[in-house]
Amino acid sequence: MEKKLNNPAIFVDDLSFHYGEKNVLEHVTMEVKQGSFLGLVGPNGSGKSTLIKCILGLLKPQQGSVSLFGEKVQKFHQWDKVGYVSQKANSFNTAFPATAFEVVSMGLFGKVGLFRFLKSSDKEKVWSALKAVNMKDFASRNIGELSGGQQQRIFIARALVSEPELLILDEPTVGVDVESSESFYKMLKDLHREKKMTLVLVTHDVGVMTNYVTDVACLNKQIHFHGNTKEFEESSSENMSAFYGHHVHVIHHDHDHK
Amino acid sequence: MLPFLKYEFLQNAFLTGIMVGLLAPILGVFIVVRRQALIADALSHITLAGIAANLLLAKWFALFAGANPIYMGMAFSVGGAVFIEQLRKVYKHYEELAIPIIMSAGIGLSVIFISMADGFNTDLFNYLFGSIIAVKQSDVWTVLAILVVVLLFVFFMYKELFVLSFDEEQGKLSGIRSNWILIAFMAITALVIAASMKIVGILLVSSLMTLPVAASIRIATGFKQTIWLSVLFGETAVIAGMFLSYYLDLASGGTIVVCLIIILSFSILYKKLMSSRKAG
């Protein structure tokens with residue numbers, strides 16, 4: 001067991017990926033320790049989502065490898081340890097006739113297994129996941145009737161319901177109003193602190209992110225920076241201008257009233 | 001007993017109709033939410049090719065004269081279903097192309113078989129538009145067998161089908177073997193289409209899969225309710241349609257579809273009324 005704890009939650013080793021002729025990722029090496037909260041930043045089209053899909057085994061890289069909790073992703077089977085919230089707009093039919101409760105319960109299906117049904121203890125888990133994202137009162141509403149921010153909370157609940165040890169969020173606040181995205185970040189912070197969950201947050205919102213994460217990785221085809229938040233802040237202005245191609249100030253949004 | 005049911009052939013038709021009215025909408029829900037409503041049309045046309053092939057063979061060989069053409073229809077339909085899934089992989093970015101390809105292949109083959117046999121008798125007409133007097137006892141047993149298979153499949157695979165319909169990526173992530181399940185689902189859909197055609201006819205089979213769902217999706221809350229309402233609408237239309245067909249001497253497929261359209265209109269109206277009441 002001890003050995004397992006030392007394994008990083010995610011280890012990406014010299015990974016390259018191309019769609020046809022187009023190089024999307026070049027020699028990416030990255031490690032996410034268990035218990036850390038990584039912000040993965042990069043401009044649009046920098047390969048962030050592709051990297052996440054490689055990490056999850058949804059795409060197969062042409063070169064390099066990915067390990068989850070010390071196991072190669074091709075052989076990894078404990079998918080209930082991993083929660084994933086994708087960019088909502090791409091993978092979701094808003095007219096789908098399912099209630100919020102039904103959507104959240106999907107997160108348990110992998111754990112429950114083939115030919116089996118949800119027990120009442122499973123339903124309790126769905127309720128507590130809905131409670132964790134403050135959406136209990138909306139459980140019996142159709143997912144399509146909810147606002148963008150509320151839908152996103154439901155998808156987080158779906159990822160949380162199987163009590164994952166690693167939660168990966170791909171631009172979760174796109175299309176969500178500022179107010180709900182702020183309370184959303186707070187929720188992530190709580191998950192990280194109280195439940196000791198390992199989090200990976202993909203975002204292009206550099207400023208907000210640095211208030212919450214412990215580590216930062218900057219990606220633009222290659223990894224340009226990989227270290228803890230403090231190092232990132234110290235080096236950030238030069239990093240960022242090299243990275244985005246112009247001068248960027250990292251602005252801190254301290255609405256956190258601690 | 002209702003006078004309507006005093007003849008054996010009507011009992012056969014009635015039993016088959018009730019089973020089909022249950023099966024087609026259940027599968028239809030998954031098909032519609034996966035935005036593949038036209039697949040039922042493609043498969044029904046390939047079924048027609050199978051039936052035409054059987055009728056042609058029956059003309060040539062005495063061996064086939066006794067066979068129920070529904071089996072050949074099923075074989076073609078299942079083959080077409082597997083082929084569609086393969087074509088969807090070939091045309092990754094134009095998945096919907098698989099449907100017109102299979103559909104035109106079905107019609108093309110049917111027309112060739114029909115012309116080779118110098119045209120057919122009323123039999124083919126019955127398959128095209130559905131006829132309750134053409135349902136045989138053996139059809140009832142065949143449909144019953146399909147009913148058992150489909151209900152078991154959907155009952156035990158409900159979770160998997162639900163996740164795959166909502167979001168295939170998530171399904172793969174939770175370790176669901178999506179390819180296997182989707183091909184099995186298509187094969188089962190093909191069986192149900194072949195089973196339904198005696199009642200509603202090949203040209204109208206897809207309506208029994210999609211129209212009840214179109215009606216229920218407007219007003220249902222949640223996925224399970226969508227399924228139950230679809231079945232309720234499907235059964236209502238099948239039963240009402242068969243009565244009308246018998247008493248007014250009309251083709252059963254047509255009357256069932258008209259009943260479905262009426263139900264659909266009511267559901268759309270109901271939804272409008274409810275939302276305007278909410279707004280006002």
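Residues numbered from 1 in each chain as written. Chains lettered and ligands numbered in written order. Predicted model: local features only at pLDDT ≥ 70, side-chain atom pairs only at ≥ 80, totals over all residues.

(A) Local environment of the overall build of chain A. Each helix and strand counted, chain A has 9 helices and 10 strands in total. Taken across its 258 residues, chain A has 41% of its residues classed as buried. Look at the contacts in chain A between residues 6 or more apart in sequence, and 68% of them connect residues 24 or more apart. (Helix = DSSP H or I, 4+ residues; strand = E, 2+ residues; numbered from the N terminus. Buried ≥ 20, exposed ≤ 12 C-beta atoms within 10 Å, placed from the backbone. Contact = placed C-beta atoms within 7 Å.)

(B) A look at the overall build of chain B. Along the backbone of chain B there are 13 helices and 0 strands. Secondary structure elements of chain B, listed N to C terminal, follow the sequence α-α-α-α-α-α-α-α-α-α-α-α-α. If one aligns the C-alpha atoms of chain B with their principal axes, the spans along those axes are about 65 × 50 × 30 Å. Here chain B holds 280 residues, and the buried ones make up 49% of them. Put simply, 76% of the contacts in chain B that link residues at least 6 apart link residues at least 24 apart.

(C) Looking closely at the sheet that holds strand β10 (residues 222-228) of chain A. Residues and elements named next belong to chain A. Read across the sheet, 6 strands follow the order β6-β7-β8-β3-β9-β10 without closing on themselves; strand pairing throughout is mixed. This sheet does not close on itself; its edge strands, each paired only once, are β6 (82-85) and β10. Mean inter-strand twist for the sheet, computed between neighbouring axes without regard to direction, equals 15°. Taken together, the 4 bridges between β6 and strand β7 (residues 166-170) define a ladder with parallel strand orientation. Looking across to β7, one finds that valine 82 is bridged to leucine 166. Contacts from helix α6 (residues 148-160) reach β6 and β7, with the element oriented near 165° to β6. (Pairing = 2+ DSSP bridges. Axes fitted to C-alpha atoms, helices over the stretch in contact; angles between N-to-C directions.)

(D) Spatial organisation of the interface of chain B and chain A. Counting from both sides, the interface comprises 19 residues of chain B and, opposite them, 20 residues of chain A. Listed by contribution, the elements that provide at least two residues to the side of chain B that touches chain A are α8 (158-166), α9 (168-173) and α12 (223-248) of chain B. In terms of residue class, the side of chain B that touches chain A is built from 9 nonpolar, 6 polar and 4 charged. (Nonpolar A, V, L, I, M, F, W, Y, C, P; charged D, E, K, R; others polar.)

(E) Expanded view of the packing of helix α11 (residues 205-219) of chain B against α12 of chain B. Residues and elements named next belong to chain B. With their axes 8 Å apart at the nearest point, α11 and α12 run at an angle of 125° to one another. Viewed along their axes, α11 and α12 adopt a mutual orientation that is oblique. Judged by the twist between their axes, the crossing of α11 over α12 is right-handed. Of α12, the residues touching α11 (which contributes Leu208, Pro212, Val213, Ala215, Ser216 and Ile217) are Thr226, Leu229, Ser230, Phe233 and Gly234. Of the residues that constitute the contact of α11 with α12, the class distribution is 7 nonpolar, 4 polar and no charged. (Parallel < 35°, antiparallel > 145°, perpendicular 65-115°, else oblique. Left-handed = near helix turned anticlockwise from the far one by under 90°.)

(F) Spatial organisation of the nonpolar core. Grouped together as the largest cluster of nonpolar side chains are 155 residues, with contacts concentrated most on Val104 and Ala157 of chain A together with Val192 of chain B. Ranked by residue count, the leading element in this core is helix α1 (residues 8-33) of chain B, at 13 residues. Look past the residues within four positions of valine 104 of chain A in its chain and what remains in contact with it is Val126, Ala129, Leu130, Ile154, Ala157, Arg158 and Val161 of chain A. (Core = buried A, V, L, I, M, F, W, Y, C linked by C-beta atoms within 7 Å.)

(G) View of the pairing of strand β1 (residues 10-19) of chain A. Residues and elements named next belong to chain A. Here β1 pairs with strand β2 (residues 22-32) via 7 bridges, running antiparallel. Bridged to phenylalanine 17 within β2 is leucine 25. In sequence, β1 turns back onto β2 through a hairpin of 2 residues, with glycine 20 there showing a positive phi of about 55°. With 5 bridges connecting them, β1 and strand β4 (residues 63-68) associate as antiparallel partners. Its bridge partner lying in β4, valine 12 is registered against valine 66.

(H) Geometry of unusual backbone geometry. The backbone of glutamate 163 of chain A sits at a positive phi, close to 50°, despite the residue not being glycine. Overall, the presence of 16 C-beta atoms within 10 Å leaves glutamate 163 of chain A in the partly exposed class. The phi dihedral of arginine 35 of chain B is positive, around 60°, even though this residue is not glycine. The residue arginine 35 of chain B is located in the loop between α1 and α2 (39-60) in this model.

(I) Here's a closer look at the confidence of the model for chain B. Residue and element names in this part refer to chain B. In the predicted model, chain B carries a mean pLDDT of 87, and the fraction of residues at 70 or more is 97%. Put simply, helix α3 (residues 62-65) is where chain B has its lowest mean pLDDT, 75, and α12 is where it has its highest, 94. Here the prediction assigns the complex a pTM of 0.82, and the interface score ipTM is 0.81. (pLDDT = per-residue confidence, 0-100.)

(J) Broad picture of the pairing of β10 of chain A. Bridge count between strand β9 (residues 215-220) of chain A and β10 of chain A: 6 bridges; the pairing is antiparallel. Pairing of valine 216 of chain A across the sheet is with glycine 227 of chain A, part of β10 of chain A.

(K) Local environment of the environment of glutamate 171 of chain A. All names here are of chain A. Looking at where glutamate 171 falls in the secondary structure, it is placed in the loop between β7 and α7 (178-194). A residue is classified by how many C-beta atoms lie within 10 Å of it, and glutamate 171, with 22 of them, is buried. Separated by 130 residues in sequence, glutamate 171 and valine 41 have C-alpha atoms that sit 9.7 Å apart.

(L) Molecular detail of the environment of glutamate 71 of chain A. Residue and element names in this part refer to chain A. Tracing the backbone through its elements, the reader meets glutamate 71 in strand β5 (residues 71-72). On the basis of neighbour counts, which here come to 15 C-beta atoms within 10 Å, the residue glutamate 71 falls in the partly exposed class. C-alpha separation for the pair glutamate 71 and tyrosine 84, spaced 13 residues apart in sequence, amounts to 18 Å.

(M) Quick peek at the sheet that holds β2 of chain A. Residues and elements named next belong to chain A. With antiparallel pairing, the 4 strands of this open sheet are ordered in space as β2-β1-β4-β5. Strands with a single pairing partner mark the edges of an open sheet, and in this sheet they are β2 and β5. Lying on the sheet, helix α2 (residues 48-55) is in contact with β1, β2 and β4; it crosses β1 at an angle near 120°.

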